[in-house]
Amino acid sequence: LQPGATRPAQRGDTAPPNATWFPWPDKKTCILDILRHLPRSLFSDAQLQVILWGLSVLGVDNVPSTRILKDIDSALQSQYGILSVRYQGALGHVYYVNHLPSIIAQEMANPCVCPHIRHYPEDAGSQLDQPWQASRWLYEIDPTIATPMIRKGRQDFYVFEPMKLMDGTVVVPKHWYTKPSTPGSPSSDFEYWGRAWRAHPVVSDHTRGYVVHMYETMEVRASQFLLSFPHLLQTYRMDGQPDPHNIIGEYWLKGCGVLPWTLTNPAVSNRWRTLARGHRVLGYMIWLYCDDTSGNTSKKWNKHNLFLFTAAGLPRVMVHKESSIHFLATSNIAPPLEMLDGIVDQLEYAQMHGVWAWDIEAREMALVIPAILAMLGDNPMQSELACHVGLQGKYFCRNCWVHGAGADSSQRPDLAGVAVTNSDDDACSIQTGSVATDSDGSLHRDVMHQSKRKGRRSETMQDLVDRARRFLGANPPCTRQDMVNKLRSMFHEVTSSKGKTRYIKMKTDTGIKDTYMDVFVERILKHVKGIRAGSDRYTEAVSAITQGRPVGQFMSPVWRIKGLDPHQDTPVEILHVILLGFLKYFWRNAISRLNDAQKVELQVQLASFDVTGLGIPPLAGQTLVQYAGSLTGRDFRAISQAAPFVLYDLVPWECYEAFLALSALVPLVWQPCIDNIDEHLAVLQVAIDHFLNCTARWTPRWFNKPKFHIIRHLPDHIQCFGPAILFATEGFESYNAVIRDHSIHSNRQVPSRDIARGMARCHHVRHLLSGGKFHARGPVSTELPYSNDEQDWLMPGSGVESLVNINIPSFRNVIADYFGLIDEPLTLEAGSCMHDKTRPRPIEKTMTASRAPYALQHVERRLYQTCQSVVTSSGETCRLGDFVLAQDPRAASLTLPLVGRLHELLQICHSPAQQRNQANWILLETFEVTGSADIYNLPRIQASSWVVLPVTALTCCINVQHNCARHRCTGSAAVSVYEEREKTTKTTRRIEHLVPSDLILNTAQMCNATHVQQFRTQVQQLDCDRAIHTGAAAELNAQKIKTLKTSKANPARQPPMSPSMAVPSHFINVFHRTGKCTFSFQMID
C-alpha cells in the first residue's frame, strides 16, 4: 500500500453472502455493524469514518462504506428486528413504542434467556428468594392472565375446565403452581400442583350438570390427574356422569343460592385451548419501570420520560443485568401516562390473543400471555402512575389513607420558621440537638406564637404528637376500586356543571390526581367557559368533547391493566427511600452539626475505617464530609456500614441511636435470600419500628418527610413480591446512560422515534449474537410469524456465534462484555487458592503445628505448600489475617458458625487438591461472642482457641472493627501521603487503636448479611408513645431556647405580643411609611 493510496470500499456490488456470517454478508460487515450498536459505546458517523479509514490504511480489502453499513442495518432490522410503533396520543403528542410482543418473542427464542425464565409460581414453603415464590404471583395474580395450563403426558389441563382425578373426583382447577419434589431440592427439581374447586354432579329429572363449590378449594398434585376436559367428554357417558359442558353454576357459600358460571363458556371450554392449537400456553410476568432522565450529558436538564421492563421470571442474579433490561418508549414531550396508553394497547391485545413465540428450549411454538407483576419507579413517578397527588399532598401515601399536616384543619402548620414540606428530594437539616424531656404545658404557651408567614402557625406539642402517631399508626389501604369510583365521580362532577373549583377541591380532599384525566377536564372547562351551568348549551358543549365515549376512556390507562392495583402493586423503592432518603437526610444533618475541627476528626475516622469483608473500596473521608450534599447511593451504602463506628462521639446521643437503628435495618432490607419468611418479616418489622421510634425520640420533625411513613409498607411488599432487592431500581437507573447515549447520537429532531429505533437495532444485534432463532419474513409488522417447523427458524452463522466465545490473550471480549453475553467476572471455585512465595515444608514447620498440635493426628505426613489467599463458598477472596465465618463439619447443623481469623492456608503437595489449585486445610483463631458492646449495641468478640478445618468449611468474609469508643482511640498515628502514585514527605493522621484485642463484629455489613445476621444483638425496644412525647418535648424546648438566644442576641426583634399588648394602628402605619419603629415598650412576665 503506497502512502496516500486508499483501498477500494464496497459500494453496491457486494460479494455473495457468506453462510458463516449469516445474516451479514461477510465478516467485516458483521463486526463493523456490531461495533456500531455496542451499548454505552455508540459511534457517530464521523467516528465511524475514522475507523473505516484506519482499516483501509492497515490494508483491509473491501471495507464497507458507511452507506453500505446503514443499508444492511436497515435490511436486518426490517426482516428480523423489532418494530417501533407510532402512536398519536390522546393528549395530542406523537411518540413511538417498541413492539412489546416482538421483544417477548425474541426472548423466548434466545438460548441465553429462555431456559432461565419461570412461567409458574412456586410454593417454596417458608423460603423466599425469587418473585415467583412470593404471594402476589402465587396467590393474588388474576388467573385469566397467569399460565392457564400444564401438560402431563399427552394431555393438556386448563384452568376453569372440569377434569377428573384418579379417585374419580371431578374438580375445576383455578391456578397452577409448582412445589419442590423434596424439601431442600433445587428449584429445577419440581412437580406441578393445582388449586381446584370441587365440582359436584347434579342429576335430576330436569337437569344434569355440575355445580362448582367455590368454597371447597383443594390442592392436588399433577400425579393425581387422570382425564383432561377433552378426554372427559369422551368417557362421561360410560361413567354415568353429567356432560362436562353443562356447568349449572357456582356455589360460593353454604345456604346461598347458585350463581351463574361466568369464567368460561362451558360449551367451548377455555378459550386458550382453542387459540393454542395444541401448543403450550405460558404466562410471562414482567417488572414495568418508569422514570425520567436527561437526554444531555451536560448539566442542562433535558427531560425524557421512559418505560423499561424486564422479565420477572428471570432469577435474581439475571433480572437486573443490563442485557435483561428492555426498552419500550421514551419522549421529551409526551407525559408518562400518555405513553402508557400505547403500551397498554399492546398489552391488552397480547393478553387477548397471546404472543406466538418459538420456545427454543422446548423446540416448539408456544403461546405467551404477558402480564405486569408490579410497576417500579421512584416515589413521584409511582404516585403519578397510581393517580396519586404525590408526596406534597394531604394524603401523601399512595398505599394507604394516612394524612399529613393540614388534612384536618384549614391552616397548614409551620415548622418553626421552616414550611412543612413533603418533598421527596428535600433534605434540609433539622437542627435540634435537644435532649430535654420537659413536657410541661408551659411549653405550649411559649411556642404558640404566630409565624412570620401569613396564615401559618407554629406546631404545638399536641400537633407534633398527632402527626407522629399518624405516621407510625395503621391506616386503611387504598384500593383500585375506591380510586376508580372516586375518579368517575370527579369526572361526573365536571360534566355536571360543578366547575373547576369543585374539581380541585375533590382532588385535594381525596389525594387523587389523574394527570391524564386532568387534560380532558381542562378542555371541557375551557369549552364551557361563559356558558350557564345546567343549560342545554352546556350539555352540548360537554358532549362535543366527550362525544359519547365512556368515562373510562378519559381516565388513566393504568386502570386498563388487567390484574394490577397501582396503589398496592407499586412496591417501596428502597434506593430512594433508604439510601437516598433516610441516610442522606441523617448524614447531611450530622455534617451540618459539626464544626471544622469535628469535620477533620470525622474525616480521619472515615479514612481509618477497615473495609475488609464489606466488598467496598477504602472510604474517602474528605469526599464524604466535604461533599455530603452531592453523594450517590453507593456512597450511602458505605456510610450505612461505617456510621456506628465514626459518629459515636460527634453527634447527640439521640441522633446516634437513630443512626444505629438505621444501620441495623439496612442489611435486613438488602438481604437477598430469606430462609424463613415469617421470622424475617417479624425481625424486619421490629427493626423498622425501632428505627422510627428512635427517630421520633430524636425529633418528630423528621416526620414531615413521607418516606418515614412509606417504609412501613415494606414488609407487606416483601411478602407480596419477594426480597426488596428484586424490586430495587439500581439496574434501571444505570440503564439511563444507554438511553442518553442514543439521544446524544441522534439529531434530536424526532427523539422518541430515533431512540426507539436505535434501541430496537441494538436488541436484534444482541439476539443474533446470543445464537437466538429468528424467522425469515418480509417487511416488519406487528403480526408475529407462526411456524412449528424448526427448519423455518433460522440461526446466525457459526462465525457470528464464535465472536462471543473468542479469547484473545491480554484483551477482553468487548462484544460479549458490552452485550452482557458472558457472566460477570467469573468467580473461582470455592477453595481455590494462591500460593505464597515460600517453598513447601513439612507440617512440623508450619504455624498449624505450633498453634493446634492436637489437630495433626489425622493430617497426612507430607510436604505442605502455604497459601496467601483462598476463595470462600460465597465466592469471595479471603486473605491471611481476614476475619471469616466457618461451619465446623463436626458441629450440629443448627449451631452458629464459627467466627475466626484466618492465619494459615495449607495445600498438600501432589494431592488432587493441588491439581485443582485448591487448599486443603485452614488454621483459624476462633472468637466467641461475649456480649454486646455498650455504645455500639453490636456483638463484642474475644479470642478463645485455635482450630484446623477443611477449606470447604469457609463460609464468607466478615467485617470486624475495634472498640474505639471504650478505649477513646484518637488520630495520633501518622501515615505517608501518596500523590500521583508517588510517596511524598507529607503525612496524614490515622486512628491509633489501643488494646487491639477488643473487637466488635460489624453486623451492619450488607455483604453476606444472611450469614452475619445470625449474630444480630437484641436491643431494648422503645415505647412508641413515650418516644414521641419525649422527642416532641425536647424539640419544643430546643425551639424555646433558640428563641430566647435570638432575642438576647438581637434585642430589637421582640417576640409577638398578646392581644392586650397590641400595637396601635397609627404606629403600624408610621412603620410602614418610614420603616422605623417610633415606639418602645417593656415586656411584662
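Residues numbered from 1 in each chain as written. Predicted model: local features only at pLDDT ≥ 70, side-chain atom pairs only at ≥ 80, totals over all residues. Heavy atoms only, no water.

1. Brief notes about the packing of helix 17 (residues 574-593) against helix 18 (residues 596-608)
The geometry of helix 17 relative to helix 18 is characterised by a closest axis approach of 9 Å and an angle of 130 degrees between their N-to-C directions. Regarding the angle of helix 17 to helix 18, the classification is oblique. Between helix 17, through W587, I591 and R593, and helix 18, the contact on the second element is made entirely by Q598, K599, L602 and L606. Its residues assigned to classes, the contact of helix 17 with helix 18 shows 4 nonpolar, 1 polar and 2 charged. (Axes fitted to C-alpha atoms, helices over the stretch in contact; angles between N-to-C directions. Helix = DSSP H or I, 4+ residues; strand = E, 2+ residues; numbered from the N terminus. Parallel < 35°, antiparallel > 145°, perpendicular 65-115°, else oblique. Contact = heavy atoms within 4.5 Å. Nonpolar A, V, L, I, M, F, W, Y, C, P; charged D, E, K, R; others polar.)

2. Describing the pattern of salt bridges
The final tally for this structure, using the stated rule, is 39 salt bridges. The salt bridge partner of D998 is R940, with a shortest N-O separation of 3.0 Å. Of this pair, D998 sits in the loop between strand 34 (982-992) and strand 35 (999-1001) while R940 sits in strand 30 (residues 939-950), and the two are 58 residues apart along the sequence. Connected through salt bridges with shared partners, the residues R151, D156, R280, D359 and E364 form a single ionic network. (Salt bridge = Lys/Arg side-chain N within 4 Å of Asp/Glu carboxyl O.)

3. Quick notes on a nonpolar patch on the surface
Among the surface-exposed residues, W252, L253 and L259 lie close enough to one another that they form a single nonpolar patch of about 310 Å² accessible area. Considering the arrangement of structural elements, one finds L253 in the loop between strand 12 (247-251) and helix 7 (271-276). Judged by its relative accessible area of 53%, L253 is exposed. (Patch = residues over 30% accessible without salt bridge, like charges linked within 9 Å, V, L, I, M, F, W, Y side chains within 5 Å. Areas by Shrake-Rupley, 256 points an atom, 1.4 Å probe, with all protein chains shown as cover. Buried < 20%, exposed > 50% of the residue type's maximum accessible area, 1.4 Å probe, protein only.)

4. Points about helix 22 (residues 677-698)
Think of an α-helix as turning once every 3.6 residues; residues three or four places apart then point the same way. The terminal C-alpha atoms of helix 22, which comprises 22 residues, lie 31 Å apart, in line with the 32 Å expected from a rise of 1.5 Å per residue. Two or three places before D678, at the start of helix 22, stands the capping residue N676, its side-chain oxygen 3.2 Å from that residue's backbone nitrogen. (Expected span 1.5 Å × (residues − 1). Polar contact = N/O pair within 3.5 Å; in protein donor to acceptor, adjacent residues only side chain to side chain.)

5. Here's the deal with the packing of helix 25 (residues 730-744) against helix 26 (residues 751-769)
Remark: helix 25 packs on helix 26, axes separated minimally by 9 Å, with the N-to-C direction vectors making an angle of 115 degrees. The interaxial crossing formed by helix 25 with helix 26 has right-handed handedness. Contacts between helix 25 and helix 26 involve Y735, V738, I739, H742 and S743 on the former and, on the latter, I755, G758, M759 and C762. A class-by-class count of the residues in the contact of helix 25 with helix 26 yields 6 nonpolar, 3 polar and no charged. (Left-handed = near helix turned anticlockwise from the far one by under 90°.)

6. Brief notes about the packing of aromatic side chains
Within this structure, the stated rule accounts for 40 aromatic pairs. A ring pair is formed by W358 and W793, whose centres lie 5.6 Å apart and whose planes are at 25 degrees; its orientation type is stacked. With W358 in strand 16 (residues 355-359) and W793 in strand 22 (residues 793-794), this residue pair connects regions lying 435 residues apart in the sequence. Residue W793 is classed as buried on the basis of its relative accessible area, which comes to 9%. Here the aromatic rings of F471 and F703 are separated by 5.5 Å at their centres, their planes lie at 25 degrees, and the arrangement is stacked. With F471 in helix 12 (residues 461-472) and F703 in the loop between helix 22 and helix 23 (707-710), this residue pair connects regions lying 232 residues apart in the sequence. (Phe/Tyr/Trp six-rings, centres within 6.5 Å; stacked < 30°, edge-to-face > 60°.)

7. Observations concerning the sheet that holds strand 8 (residues 170-180)
Here we have 6 strands laid out as an open sheet, ordered 11-7-8-9-10-12, and mixed in their pairing. At either end of the open sheet lies a strand with only one pairing partner, and these are strand 11 (225-227) and strand 12. Recorded for the sheet is a direction-independent mean angle of 40 degrees between the axes of neighbouring strands. Across 11 bridges, strand 9 (residues 190-203) lies against strand 10 (residues 208-221) in antiparallel orientation. When the bridges of strand 10 are listed, W197 appears paired with T217. Its contacts with the sheet put helix 6 (residues 229-239) on strand 7 (163-165) and strand 11, and the angle it makes with strand 11 is roughly 70 degrees. (Pairing = 2+ DSSP bridges.)

8. With respect to helix 17
The end-to-end C-alpha distance of helix 17, which contains 20 residues, comes to 27 Å, matching closely the 28 Å that a straight helix rising 1.5 Å per residue would cover. Along helix 17, the largest kink reaches about 35 degrees and is centred on K584. The buried fraction of helix 17 amounts to 18 of the 20 residues, a majority that puts the element mostly inside the structure. With a side-chain oxygen lying 3.0 Å from the backbone nitrogen of L575, the N-terminal cap of helix 17 falls on E573. (Bend = angle between axes of the 7 residues up to and from the residue.)

9. Focus: the environment of Q351
By the element assignment, Q351 lies in helix 9 (residues 336-353). When its relative accessible area of 9% is taken as the criterion, Q351 is described as buried. Remark: the alpha-carbon pair of Q351 and V368, spanning 17 residues in sequence, is separated by 8.5 Å. What Q351 contacts, discounting residues up to four positions off in sequence, is I145, R271, W272, I369, P370, A371 and K562.

10. Points about the side chain of N1002
Here N1002 is to be found in the loop between strand 35 and helix 32 (1009-1012). Within the structure, the side chain of N1002 is placed 3.2 Å from the backbone oxygen of Q641, a separation counted as a polar contact. In this structure the side chain of N1002 is engaged in a polar contact, spanning 3.0 Å, whose partner is the backbone nitrogen of A1004. Once residues within four sequence positions are removed from consideration, N1002 is found in contact with F609, L614, Q641, F645, L938, N959 and V1012.

11. A few points about the nonpolar core
L340 and W587 are the most contacted members of the largest nonpolar core, which totals 235 residues. With 13 residues, the single largest contributor to this core is helix 17. Dropping the residues within four chain positions of it, W587 is found in contact with L602, L606, L624, A628, L631, F636, I639, L647 and F659. Of all hydrophobic cores here, the second largest spans 20 residues; its members include C30, I72, I815 and A816. (Core = buried A, V, L, I, M, F, W, Y, C linked by side-chain atoms within 4.5 Å.)

12. Here's the deal with unusual backbone geometry
The peptide bond linking F22 to P23 adopts the cis configuration, its omega dihedral lying at 10 degrees. Along the chain, P23 turns up in the loop between strand 1 (9-10) and helix 1 (27-35). With a phi angle near 65 degrees, S269 is a residue other than glycine that sits in the positive phi range. Turning to its location among the elements, S269 is positioned in the loop between strand 12 and helix 7. In the Ramachandran plot, R968 falls in the positive-phi region, its phi being about 55 degrees despite a non-glycine side chain.

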